[in-house]
Amino acid sequence: MEATNAIVLRNCFNEVIKNYLNDFISKEIRPDIAKLERYLIDNNCELPNCEVKKLSNMLAIGQSNLVDIIIRTMSHFNSLPVDRQYSLMKMLQDFYFSSVLAEESLDHYIDVTMSADGFNFNGKFFYRDTFRHEKIKNMKYFLPYIEDKFINEECCICSKEFVQSSFIYEMVCRHAFHFKCLDMWLENNGSCPYCRKDIVSKKAKDSNYFIEDKEDGSKLVLIYILTKPYQYELNDNI
Ligand SMILES: [Zn+2]
Ligand SMILES: [Zn+2]
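This one's a predicted model, so the numbers in the text were calculated from it and none came from an experiment.

**Q** What should I look at first to understand the UniProt feature "domain: RING-type" (unreviewed entry) in the protein chain in this one?
**A** Within the UniProt annotation, "domain: RING-type" (unreviewed entry) is assigned to residues 155-196. When the span residues 155-196 is considered, its composition is 24% helix and 17% strand, and the gap between its end C-alpha atoms is 15 Å.

Written out as structure tokens, the structure reads:
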């Protein structure tokens, strides 16, 4: 019976931890989006509000798979000359990496009341994130390709030349790649495919919980979560 309870509890806490993190990430990203929007407006970006919002969301969430779709719906942005698109994207992401992300990653702490399969608990979450800060050292820009702005003219993963004004990644080592090619590469590798500079792009999560029996018969659950840069195995890079 004890063992069954332990499994039920573990599944339940895993679910609670997952929900907490999803909720936390969406909350954490909101101030980032607001700062990007403010920056665009303060710098007379020539874009209507709806496009300011779309661009800020896209960069803060960092979903490269949606860039083409989102950019296609931005008619004002699309009507800008490509060098203006480039400078706008570059300026905005310089600000994002140097100012928005530069704020220290913090320890977070909240009290919660939880229900787990008929049991009620008072809980405490302790959450530390060391991944957010890593992104500063591992900048990946979304930029439209213009021949003289990049140091390589083709993606060394698929050997295809970049298409003028199509969006690609430029990494901190300045090497450029197609979104899909680099995302697939970084699933299994922790370095630039061109120069082998270390690149941290995956997040790992550790979590644990402890149940304390209180004197009044109630239980207190302590939940510890750490999100950190994923460590590739040594042979991942071979
Ligand atoms: Zn490619
Ligand atoms: Zn490189």
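Next comes the rest of the description.
**Q** Is there a simple way to think about the pairing of strand β3 (residues 140-144) in this case?
**A** One face of the sheet, then the other: side chains in a regular strand alternate in exactly this way. Of all the five residues making up β3, four are buried; the element is thus mostly covered by neighbouring parts of the structure. The pairing of β3 with strand β4 (residues 167-171) spans five bridges and is classified as antiparallel. Across the sheet, L143 pairs through a bridge with I168, a residue of β4.

**Q** Even after reading the chapter, I still don't get the sheet that holds β3, so can you show me in this structure?
**A** Two orientations exist for strands paired in a sheet by backbone hydrogen bonds: parallel and antiparallel. With antiparallel pairing, the three strands of this open sheet are ordered in space as β3-β4-β5. Two strands close off the open sheet at either side, each with one partner strand: β3 and β5 (176-177).

**Q** I tried to follow the nonpolar core on my own but got confused; where do I start?
**A** If you look at soluble globular proteins, the nonpolar side chains tend to sit buried side by side. Counting 29 residues, the largest nonpolar core has L36, L40, L59, I168, Y169 and F177 as its most contacted members. Going through the elements one at a time, α1 (2-42), α2 (49-61), α5 (82-100), β3, β4, β5 and α7 (179-188) are the ones with two or more residues in this core. Sequence-distant contacts of I168, defined by excluding residues within four places in its chain, comprise L143, Y145, F162, A176, F177, H178 and F179. Residues F13, V16, V221 and I223 belong to the second largest nonpolar core, which totals seven residues.

**Q** Explain the pairing of strand β6 (residues 203-213) to me, please; I cannot follow it from the model alone.
**A** Of all eleven residues in β6, zero are buried, a share of ten percent or less. Where β6 meets strand β7 (residues 219-229), eleven bridges bridge the pair, whose relative direction is antiparallel. In the strand pairing of β7, S207 is matched with I225. Hairpin connection from β6 to β7: five residues lie between these consecutive antiparallel strands, with G217 at a positive phi of about 90°.

**Q** What am I meant to see in α2 here?
**A** Given 3.6 residues per turn, any residue in an α-helix points the same way as the ones three and four places further on. The end-to-end C-alpha distance of α2, which contains 13 residues, comes to 18 Å, matching closely the 18 Å that a straight helix rising 1.5 Å per residue would cover. All of the buried residues in α2 are E51, V52, L55, S56, M58, L59 and A60. G62, located one to two residues past α2, shows a positive phi value of around 70°.

What counts, and where the lines are drawn
Counting restarts for each chain: residues are numbered from 1 in the order of the written sequence. The order in which chains are written sets their letters, starting at A; the order in which ligands are written sets their numbers, starting at 1. Owing to the predicted nature of the model, reporting of local features is limited to residues with pLDDT of at least 70; listing and counting of side-chain atom pairs is limited to 80 or more, with chain, interface and lining totals taken over all residues. UniProt positions are given in the numbering used here, feature names are shortened, and annotations may be inferred rather than shown by experiment. The numbering of helices and of strands both runs from the N terminus, where a helix is a DSSP run of H or I of at least 4 residues and a strand a run of E of at least 2. With C-beta atoms placed from the backbone, a residue is labelled by how many other C-beta atoms lie within 10 Å of its own: buried for 20 or more, exposed for 12 or fewer, partly exposed between the two. In this description, strands pair whenever DSSP reports at least two bridges between them. Among buried residues, those of type Ala, Val, Leu, Ile, Met, Phe, Trp, Tyr and Cys that are joined through C-beta atoms within 7 Å form a set called a nonpolar core. The contact criterion used here is simple: two residues whose C-beta atoms, placed from the backbone, lie within 7 Å are in contact. In this scheme, a helix's expected span is set at 1.5 Å multiplied by one less than its residue total.

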